[in-house]
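Residues per chain, in single letters:
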2 protein chains.
Amino acid sequence: MVNHNKDHLDGIFHALADSTRRELVDMMAEKERTVSELAEPFDMSLAAISKHIKVLERANLVDRSVKGRIHTCRLNTDSLFKATEWLRLYEKYWNKRFDRLENELLNAKKKEH
Amino acid sequence: MVNHNKDHLDGIFHALADSTRRELVDMMAEKERTVSELAEPFDMSLAAISKHIKVLERANLVDRSVKGRIHTCRLNTDSLFKATEWLRLYEKYWNKRFDRLENELLNAKKKEH
DNA sequence: ATTATGATTAACCATGTAGTTAACTATAAA
DNA sequence: TTTATAGTTAACTACATGGTTAATCATAAT
(Lines give C-alpha, C1' and ligand atoms only; values in the text may rest on other atoms or scores of the structure.)
Protein backbone atom coordinates (compact mmCIF):
# COMPACT_ATOMS: atom_id res chain seq x y z
CA MET A 1 0.00 0.00 0.00
CA VAL A 2 1.24 3.43 -0.89
CA ASN A 3 1.07 6.28 1.54
CA HIS A 4 -0.64 9.00 -0.41
CA ASN A 5 -0.12 11.63 2.24
CA LYS A 6 3.59 10.94 1.96
CA ASP A 7 3.56 11.39 -1.83
CA HIS A 8 1.55 14.53 -1.37
CA LEU A 9 4.05 16.10 1.01
CA ASP A 10 6.86 15.14 -1.36
CA GLY A 11 5.14 17.08 -4.11
CA ILE A 12 4.32 20.08 -1.95
CA PHE A 13 7.82 20.48 -0.55
CA HIS A 14 9.35 19.85 -3.95
CA ALA A 15 7.13 22.53 -5.47
CA LEU A 16 8.24 24.99 -2.78
CA ALA A 17 11.93 24.13 -3.21
CA ASP A 18 12.32 26.60 -6.06
CA SER A 19 12.47 30.34 -5.56
CA THR A 20 10.68 31.09 -8.84
CA ARG A 21 7.75 28.95 -7.76
CA ARG A 22 7.72 30.53 -4.30
CA GLU A 23 7.55 33.94 -5.95
CA LEU A 24 4.65 32.73 -8.08
CA VAL A 25 2.91 31.66 -4.89
CA ASP A 26 3.56 35.13 -3.46
CA MET A 27 1.98 36.74 -6.48
CA MET A 28 -1.09 34.53 -6.39
CA ALA A 29 -1.48 35.04 -2.66
CA GLU A 30 -1.94 38.74 -3.31
CA LYS A 31 -4.57 38.16 -5.96
CA GLU A 32 -5.46 35.72 -8.73
CA ARG A 33 -3.38 36.04 -11.88
CA THR A 34 -3.28 34.99 -15.49
CA VAL A 35 -0.34 32.97 -16.78
CA SER A 36 1.15 35.94 -18.65
CA GLU A 37 0.79 38.17 -15.63
CA LEU A 38 2.64 35.57 -13.62
CA ALA A 39 5.36 35.30 -16.24
CA GLU A 40 5.87 39.04 -16.71
CA PRO A 41 8.33 39.78 -13.86
CA PHE A 42 10.61 36.87 -14.72
CA ASP A 43 13.52 36.82 -17.11
CA MET A 44 12.40 33.46 -18.43
CA SER A 45 10.27 32.11 -21.26
CA LEU A 46 6.52 31.77 -20.92
CA ALA A 47 6.96 28.05 -21.52
CA ALA A 48 9.20 27.77 -18.46
CA ILE A 49 6.68 29.57 -16.27
CA SER A 50 3.90 27.42 -17.70
CA LYS A 51 5.81 24.38 -16.47
CA HIS A 52 6.41 25.91 -13.05
CA ILE A 53 2.72 26.56 -12.70
CA LYS A 54 2.00 22.96 -13.62
CA VAL A 55 4.32 21.79 -10.85
CA LEU A 56 2.40 23.96 -8.38
CA GLU A 57 -0.86 22.63 -9.77
CA ARG A 58 0.19 18.99 -9.43
CA ALA A 59 1.09 19.74 -5.80
CA ASN A 60 -2.39 21.13 -5.36
CA LEU A 61 -0.97 24.51 -4.46
CA VAL A 62 -2.72 26.21 -7.35
CA ASP A 63 -6.11 25.99 -9.00
CA ARG A 64 -6.72 27.09 -12.53
CA SER A 65 -9.86 28.20 -14.34
CA VAL A 66 -9.93 28.59 -18.08
CA LYS A 67 -12.09 31.14 -19.84
CA GLY A 68 -11.42 31.45 -23.55
CA ARG A 69 -7.68 31.65 -23.96
CA ILE A 70 -7.17 33.09 -20.49
CA HIS A 71 -6.03 30.76 -17.74
CA THR A 72 -6.55 32.27 -14.32
CA CYS A 73 -4.53 30.85 -11.42
CA ARG A 74 -5.26 31.18 -7.76
CA LEU A 75 -3.64 29.88 -4.63
CA ASN A 76 -5.13 26.77 -3.05
CA THR A 77 -4.08 26.93 0.56
CA ASP A 78 -4.92 23.30 1.38
CA SER A 79 -1.42 22.13 0.50
CA LEU A 80 0.32 25.00 2.24
CA PHE A 81 -1.75 24.07 5.24
CA LYS A 82 -0.61 20.43 5.02
CA ALA A 83 3.04 21.46 4.84
CA THR A 84 2.60 23.73 7.83
CA GLU A 85 0.90 20.95 9.76
CA TRP A 86 3.91 18.72 9.23
CA LEU A 87 6.30 21.44 10.34
CA ARG A 88 4.15 22.28 13.32
CA LEU A 89 5.03 18.89 14.81
CA TYR A 90 8.45 20.33 15.51
CA GLU A 91 7.37 23.70 16.81
CA LYS A 92 7.89 22.65 20.40
CA TYR A 93 11.57 22.10 19.70
CA TRP A 94 12.36 25.64 18.76
CA ASN A 95 10.08 26.93 21.48
CA LYS A 96 12.29 24.99 23.87
CA ARG A 97 15.31 26.76 22.38
CA PHE A 98 13.70 30.14 22.80
CA ASP A 99 12.82 29.37 26.40
CA ARG A 100 16.41 28.42 27.04
CA LEU A 101 17.70 31.62 25.44
CA GLU A 102 15.24 33.66 27.46
CA ASN A 103 16.40 32.06 30.67
CA GLU A 104 20.02 32.69 29.83
CA LEU A 105 19.28 36.35 29.20
CA LEU A 106 17.41 36.59 32.45
CA ASN A 107 20.28 35.04 34.38
CA ALA A 108 22.77 37.33 32.69
CA LYS A 109 20.72 40.34 33.77
CA LYS A 110 20.52 39.11 37.34
CA LYS A 111 24.28 38.86 37.48
CA GLU A 112 24.61 42.47 36.41
CA HIS A 113 23.18 43.61 39.74
CA MET B 1 23.93 39.96 -5.52
CA VAL B 2 22.65 36.58 -4.51
CA ASN B 3 19.80 36.18 -2.10
CA HIS B 4 21.16 33.75 0.44
CA ASN B 5 17.89 33.40 2.25
CA LYS B 6 16.37 32.29 -1.04
CA ASP B 7 19.06 29.67 -1.61
CA HIS B 8 18.63 28.55 1.95
CA LEU B 9 14.89 27.99 1.60
CA ASP B 10 15.52 26.08 -1.64
CA GLY B 11 17.76 23.69 0.26
CA ILE B 12 15.43 23.33 3.22
CA PHE B 13 12.34 22.58 1.16
CA HIS B 14 14.29 20.31 -1.12
CA ALA B 15 15.61 18.37 1.86
CA LEU B 16 12.07 17.96 3.17
CA ALA B 17 10.71 16.85 -0.23
CA ASP B 18 11.69 13.24 0.38
CA SER B 19 9.82 10.96 2.74
CA THR B 20 12.95 9.09 3.81
CA ARG B 21 14.54 12.33 4.89
CA ARG B 22 11.38 13.43 6.69
CA GLU B 23 11.41 10.16 8.58
CA LEU B 24 15.04 10.75 9.52
CA VAL B 25 14.00 14.14 10.86
CA ASP B 26 11.25 12.42 12.86
CA MET B 27 13.76 10.03 14.38
CA MET B 28 16.20 12.77 15.31
CA ALA B 29 13.43 14.91 16.76
CA GLU B 30 12.76 12.17 19.27
CA LYS B 31 16.39 11.91 20.28
CA GLU B 32 19.87 12.18 18.79
CA ARG B 33 20.96 9.18 16.72
CA THR B 34 24.02 7.61 15.18
CA VAL B 35 24.14 7.06 11.44
CA SER B 36 23.61 3.30 11.76
CA GLU B 37 20.69 3.80 14.11
CA LEU B 38 19.17 6.13 11.54
CA ALA B 39 19.76 3.62 8.74
CA GLU B 40 18.42 0.60 10.60
CA PRO B 41 14.66 0.95 9.87
CA PHE B 42 15.16 1.51 6.14
CA ASP B 43 15.39 -1.06 3.39
CA MET B 44 18.26 0.83 1.85
CA SER B 45 22.06 0.79 1.97
CA LEU B 46 23.96 2.67 4.65
CA ALA B 47 25.61 4.65 1.86
CA ALA B 48 22.22 5.90 0.68
CA ILE B 49 21.25 7.01 4.18
CA SER B 50 24.64 8.65 4.60
CA LYS B 51 23.85 10.75 1.54
CA HIS B 52 20.39 11.62 2.80
CA ILE B 53 21.89 12.80 6.06
CA LYS B 54 24.34 14.95 4.15
CA VAL B 55 21.45 16.60 2.31
CA LEU B 56 19.81 17.39 5.64
CA GLU B 57 23.12 18.68 6.94
CA ARG B 58 23.69 20.98 3.96
CA ALA B 59 20.20 22.39 4.56
CA ASN B 60 21.23 23.04 8.14
CA LEU B 61 18.49 20.74 9.38
CA VAL B 62 20.96 18.45 11.10
CA ASP B 63 24.13 18.89 13.13
CA ARG B 64 26.67 16.15 13.50
CA SER B 65 29.30 15.47 16.12
CA VAL B 66 32.00 12.88 15.57
CA LYS B 67 33.50 10.88 18.39
CA GLY B 68 35.78 8.10 17.25
CA ARG B 69 33.99 6.30 14.45
CA ILE B 70 30.58 7.25 15.76
CA HIS B 71 28.79 10.14 14.08
CA THR B 72 25.94 11.45 16.18
CA CYS B 73 23.22 13.46 14.45
CA ARG B 74 20.77 15.80 16.03
CA LEU B 75 18.04 18.03 14.70
CA ASN B 76 18.84 21.69 14.24
CA THR B 77 15.50 23.43 14.35
CA ASP B 78 16.74 26.73 12.89
CA SER B 79 15.95 25.64 9.36
CA LEU B 80 12.61 24.10 10.23
CA PHE B 81 11.83 27.41 11.87
CA LYS B 82 12.78 29.30 8.70
CA ALA B 83 10.55 27.10 6.56
CA THR B 84 7.67 27.59 8.97
CA GLU B 85 8.21 31.34 8.94
CA TRP B 86 7.84 31.37 5.17
CA LEU B 87 4.66 29.30 5.32
CA ARG B 88 3.28 31.40 8.14
CA LEU B 89 2.99 34.32 5.68
CA TYR B 90 0.07 32.48 4.15
CA GLU B 91 -1.59 31.40 7.36
CA LYS B 92 -4.14 34.19 7.11
CA TYR B 93 -5.41 32.71 3.86
CA TRP B 94 -6.50 29.43 5.29
CA ASN B 95 -7.78 31.15 8.38
CA LYS B 96 -9.99 33.15 6.03
CA ARG B 97 -11.22 29.88 4.56
CA PHE B 98 -11.98 28.48 7.99
CA ASP B 99 -13.83 31.64 8.95
CA ARG B 100 -15.89 31.36 5.80
CA LEU B 101 -16.69 27.71 6.51
CA GLU B 102 -17.62 28.58 10.08
CA ASN B 103 -19.98 31.28 8.89
CA GLU B 104 -21.60 28.95 6.41
CA LEU B 105 -22.18 26.38 9.12
CA LEU B 106 -23.63 29.03 11.39
CA ASN B 107 -26.01 30.22 8.70
CA ALA B 108 -27.03 26.67 7.93
CA LYS B 109 -27.90 26.15 11.61
CA LYS B 110 -29.92 29.34 11.74
CA LYS B 111 -31.98 28.19 8.82
CA GLU B 112 -32.84 24.99 10.65
CA HIS B 113 -34.95 26.96 13.14
C1' DA C 1 49.29 -7.23 14.03
C1' DT C 2 44.86 -8.58 12.34
C1' DT C 3 40.27 -8.18 11.93
C1' DA C 4 35.73 -6.14 12.50
C1' DT C 5 32.89 -2.02 12.67
C1' DG C 6 30.98 2.77 11.63
C1' DA C 7 30.85 5.65 8.22
C1' DT C 8 32.27 8.26 3.88
C1' DT C 9 33.50 8.41 -0.91
C1' DA C 10 33.82 7.13 -5.76
C1' DA C 11 32.04 5.30 -9.89
C1' DC C 12 28.16 4.15 -12.06
C1' DC C 13 23.11 3.99 -13.75
C1' DA C 14 18.43 5.41 -14.50
C1' DT C 15 15.43 8.96 -13.98
C1' DG C 16 13.95 13.72 -13.12
C1' DT C 17 14.56 18.85 -13.45
C1' DA C 18 14.87 23.45 -15.33
C1' DG C 19 15.60 25.75 -18.95
C1' DT C 20 15.68 26.56 -24.20
C1' DT C 21 13.33 27.05 -29.01
C1' DA C 22 9.96 25.73 -32.20
C1' DA C 23 5.61 23.91 -33.31
C1' DC C 24 1.00 23.71 -32.15
C1' DT C 25 -4.01 24.74 -30.32
C1' DA C 26 -7.56 27.73 -29.31
C1' DT C 27 -9.65 32.08 -29.10
C1' DA C 28 -10.16 37.01 -30.07
C1' DA C 29 -9.59 41.01 -33.06
C1' DA C 30 -8.98 43.31 -37.71
C1' DT D 1 -10.42 35.32 -43.67
C1' DT D 2 -6.26 36.64 -41.79
C1' DT D 3 -3.60 37.77 -38.10
C1' DA D 4 -2.41 38.41 -33.32
C1' DT D 5 -2.59 36.73 -28.63
C1' DA D 6 -2.66 33.32 -24.60
C1' DG D 7 -1.10 29.33 -23.51
C1' DT D 8 0.51 24.28 -23.87
C1' DT D 9 3.36 20.70 -25.68
C1' DA D 10 7.35 18.43 -27.78
C1' DA D 11 12.09 17.78 -28.51
C1' DC D 12 16.29 18.79 -26.86
C1' DT D 13 20.37 20.00 -23.55
C1' DA D 14 22.78 20.15 -19.31
C1' DC D 15 22.81 18.98 -14.88
C1' DA D 16 20.97 17.04 -10.30
C1' DT D 17 18.98 13.19 -7.76
C1' DG D 18 18.50 8.74 -5.50
C1' DG D 19 19.85 4.54 -5.54
C1' DT D 20 23.45 0.69 -6.19
C1' DT D 21 28.18 -1.79 -5.17
C1' DA D 22 32.93 -1.62 -4.18
C1' DA D 23 36.77 0.71 -2.30
C1' DT D 24 38.53 3.41 1.34
C1' DC D 25 39.36 5.54 5.96
C1' DA D 26 39.47 5.69 10.83
C1' DT D 27 38.84 3.57 15.09
C1' DA D 28 37.96 -0.26 18.22
C1' DA D 29 38.39 -5.01 19.55
C1' DT D 30 40.91 -9.60 19.50
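Residues numbered from 1 in each chain as written. Chains lettered and ligands numbered in written order. Predicted model: local features only at pLDDT ≥ 70, side-chain atom pairs only at ≥ 80, totals over all residues. Heavy atoms only, no water.

**A few points about the protein's contact with DNA strand D**
In step 1: In the vicinity of DNA strand D there are 23 residues, among which A:Ser36, A:Arg64, A:Arg69, B:Lys51 and B:His52 approach most closely.
In step 2: Close to the protein, within 4 Å, the atoms of DNA strand D belong to sugar or phosphate groups at a rate of 68%.
In step 3: Within the backbone of A:Val35, an N or O atom sits 3.3 Å from a phosphate oxygen of DNA strand D.
In step 4: Between B:Lys51 and DNA strand D, the recorded distance is 2.5 Å, taken from a side-chain N or O atom to a base oxygen.
In step 5: For the surface near DNA strand D, the secondary structure elements donating two or more residues are helix 3 (35–39), helix 4 (46–58) and strand 3 (70–75) of chain A together with helix 4 (46–58) of chain B.
In step 6: Considering each element in turn, the surface near DNA strand D owes the most residues, five residues, to helix 4 of chain A. (Near = heavy atom within 4 Å. Polar contact = N/O pair within 3.5 Å; in protein donor to acceptor, adjacent residues only side chain to side chain. Helix = DSSP H or I, 4+ residues; strand = E, 2+ residues; numbered from the N terminus.)

**Some remarks on helix 2 (residues 19–30) of chain A**
All names here are of chain A.
In step 1: If you check helix 2, its first and last C-alpha atoms are 17 Å apart, about what 12 residues at 1.5 Å a residue would give, namely 16 Å.
In step 2: Taking burial as the measure, the 12 residues of helix 2 include nine buried ones, the bulk of the element.
In step 3: Within the span of helix 2, buried status applies to Ser19, Thr20, Arg21, Arg22, Leu24, Val25, Met27, Met28 and Ala29.
In step 4: For helix 2, the N-terminal cap is Asp18; the gap from its side-chain oxygen to the backbone nitrogen of Thr20 is 2.9 Å. (Expected span 1.5 Å × (residues − 1). Buried < 20%, exposed > 50% of the residue type's maximum accessible area, 1.4 Å probe, protein only.)

**Observations regarding the protein's contact with DNA strand C**
In step 1: A:Lys51, A:His52, B:Ser36, B:Arg64 and B:Arg69 are the nearest of the 23 residues found near DNA strand C.
In step 2: Near-protein atoms of DNA strand C (within 4 Å) split between backbone and bases, with sugar and phosphate holding 70%.
In step 3: Contact between DNA strand C and A:Lys51: a base oxygen at 2.4 Å from a side-chain N or O atom of the residue.
In step 4: Separating a base oxygen of DNA strand C from a side-chain N or O atom of B:Arg69 is a distance of 2.3 Å.
In step 5: With five residues, helix 4 of chain B is the largest single contributor of residues to the surface near DNA strand C.
In step 6: For the surface near DNA strand C, the per-class residue count stands at seven nonpolar, eight polar and eight charged. (Nonpolar A, V, L, I, M, F, W, Y, C, P; charged D, E, K, R; others polar.)

**Thoughts on unusual backbone geometry**
Residues and elements named next belong to chain A.
In step 1: Even without being a glycine, Asn60 presents a positive backbone phi close to 70°.
In step 2: Tracing the backbone shows Asn60 in the loop between helix 4 and strand 2 (62–67).
In step 3: Judged by its relative accessible area of 30%, Asn60 is partly exposed.

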